[in-house]
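Chain by chain, the residues run as shown.
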Amino acid sequence: MVMGEPGREEYKIQSFDAETQQLLKTALKANSLECAELPDLGQRMECSAWQRSYSNCPGPVPSCSTQDRHPGAVDLEKVANVIVDHSLQDCVFSKEAGRMCYAIIQAETKQAGQSVFRRGLLNRLQQEYQAREQLRARSLQGWVCYVTFICSIFDYLRVNNMPMMALVNPVYDCLFRLAQPDSLSQEEEVDCLVLQLHRVGEQLEKMNGQRMDELFVLLRDGFLLPTGLSSLAQLLLLEIIEFRAAGWKTTPAAHKYYYSEVSD
């Protein structure tokens, strides 16, 4: 485990079957994600809040040939489901899936002037969010992958150069769940919590500082739990508490101490 901001691994679409690879390539309107030039994350986008009522998504669009690279020529609701499904199974993919989703949203908006993919993506995120306790009970790995994925989406998607307000409370709710005593006893969940706070904690605090204060009260209380917290979990919690106290930065002394402790 490496503490600090999560690495930005290149996602390999070759991990999908051939048909799905072609679907994603066409949606991205690029030969592969590795060679795609992604737009500036600050570019303006329209918002689709979870609270609003969505109209039914259009039905499937006939498959396109390899020559037809138009994003609107594929079923973008299916693409959204493929990405979410894979994200729930692969935490390495879920860390950077937001980048792929952002690229598809930009391609669809530019080429088709629609938001089928974004609507499908947010609907699936909401469905999984509402069933998060069942997901955690069924698969701890799937739950950790979901939290990683929704934080990746929050990190990449922008509305008027700001994070999506519709995602702020769902992301907070997931992090609060990771800060509960039964989750703090699981190193996998503590690891996820700390990594996501490194990634989006500063953004979240700017959007709602009160909830961040409440979250860190839980973390401090959790650090003092008499039993059930491993030495590594204690170290991770102490590190993120100091990280926030230093203005969401790692001081040279803290970096040397925590990295040497983890490596030992």
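Look a little higher up for the structure.
J.: Please explain the nonpolar core as it appears in this structure.
T.: Across soluble globular proteins, nonpolar side chains have a tendency to be buried as a group. In terms of nonpolar packing, the biggest core is built from 69 residues, with Val 79, Ile 83, Phe 117 and Leu 197 touching the most fellow members. Top contributing element to this core by residue count: helix H6 (residues 140–156), with ten residues. For Val 79, the contacting residues outside a window of four places in its chain are Leu 23, Leu 24, Ala 27, Val 74, Ile 104 and Phe 117.

J.: Just to check I follow, could you spell out the pattern of salt bridges for this structure?
T.: Side chains that carry opposite charge are capable of pairing whenever their charged atoms lie near each other. All chains considered together, the criterion is met by twelve salt bridges. Note that Arg 99 and Glu 96 form a salt bridge whose closest N and O atoms lie 3.6 Å from each other. Taken together, the residues span about one helical turn, with Arg 99 and Glu 96 both in helix H3 (residues 91–112) at a distance of three residues. Glu 96 carries the same exposure label as Arg 99, and that label is buried. Members of the salt-bridge network, linked through shared partners, are Glu 133, Arg 136, Arg 177, Asp 182 and Glu 189.

J.: How should the environment of Val 171 be read in this particular structure?
T.: Assignment of secondary structure puts Val 171 in helix H7 (residues 165–178). The buried category is assigned to Val 171, whose relative accessible area is 1%. Residues Val 171 and Gln 196, 25 residues apart in the sequence, show an inter-C-alpha distance of 9.7 Å. Other than its neighbours up to four places away in sequence, Val 171 contacts Ile 150, Cys 151, Phe 154 and Leu 204.

J.: Just checking my understanding: could you explain the packing of aromatic side chains for this structure?
T.: Aromatic ring pairs are defined here through the distance separating the ring centres and the angle between the ring planes. Summed over the entire model, instances satisfying the criterion amount to three aromatic pairs. Look at Phe 216 and Trp 248: their rings are 6.1 Å apart centre to centre, the planes differ by 85°, and that puts the pair in the edge-to-face class. A residue pair is termed long-range when its members are at least 10 positions apart, and Phe 216 in helix H10 (residues 209–223) and Trp 248 in the loop between helix H11 (231–245) and helix H12 (252–263) qualify at 32 residues. The exposure class of Trp 248 is buried, given its relative accessible area of 9%. Their ring planes at 80° and their centres at 5.9 Å tell us that Phe 243 and Trp 248 sit as a pair that is edge-to-face. Comparing Phe 243 with Trp 248 shows no difference in burial state: the two are buried. Linked through ring pairs, Phe 216, Phe 243 and Trp 248 together constitute an aromatic cluster. Sitting over the face of the ring of Phe 176, Arg 211 holds its NZ or CZ atom 4.7 Å from the ring centroid. It is Arg 244 that lies over the ring of Phe 216; its NZ or CZ is 4.8 Å from the centre.

J.: Help me out: how do you make sense of the state of the cysteines in this one?
T.: Two cysteines, two sulfur atoms, one covalent bond between them: this is a disulfide. All told, the structure shown has one disulfide when counted by the stated rule. Across the disulfide from Cys 91 sits Cys 145; the S-S distance is 2.3 Å. Around the S-S axis, the bridge from Cys 91 to Cys 145 shows a dihedral of about -115° and counts as left-handed. Here Cys 91 is found in helix H3, whereas its partner Cys 145 is found in helix H6, with 54 residues between them in sequence. Judged by relative accessible area, Cys 145 falls into the buried class, the value being 0%. We note that Cys 151 lacks a disulfide partner, and the nearest cysteine sulfur, in Cys 192, lies 6.8 Å from it. Look at Cys 151 and you get buried, because its relative accessible area is 0%. Classification of Cys 192 by relative accessible area gives buried; the value is 3%.

Reading the values: the criteria
Residues numbered from 1 in each chain as written. Predicted model: local features only at pLDDT ≥ 70, side-chain atom pairs only at ≥ 80, totals over all residues. Heavy atoms only, no water. Core = buried A, V, L, I, M, F, W, Y, C linked by side-chain atoms within 4.5 Å. Buried < 20%, exposed > 50% of the residue type's maximum accessible area, 1.4 Å probe, protein only. Helix = DSSP H or I, 4+ residues; strand = E, 2+ residues; numbered from the N terminus. Contact = heavy atoms within 4.5 Å. Salt bridge = Lys/Arg side-chain N within 4 Å of Asp/Glu carboxyl O. Phe/Tyr/Trp six-rings, centres within 6.5 Å; stacked < 30°, edge-to-face > 60°. Lys NZ or Arg CZ within 6 Å of the ring centre and 35° of its normal. Disulfide = S-S within 2.5 Å.

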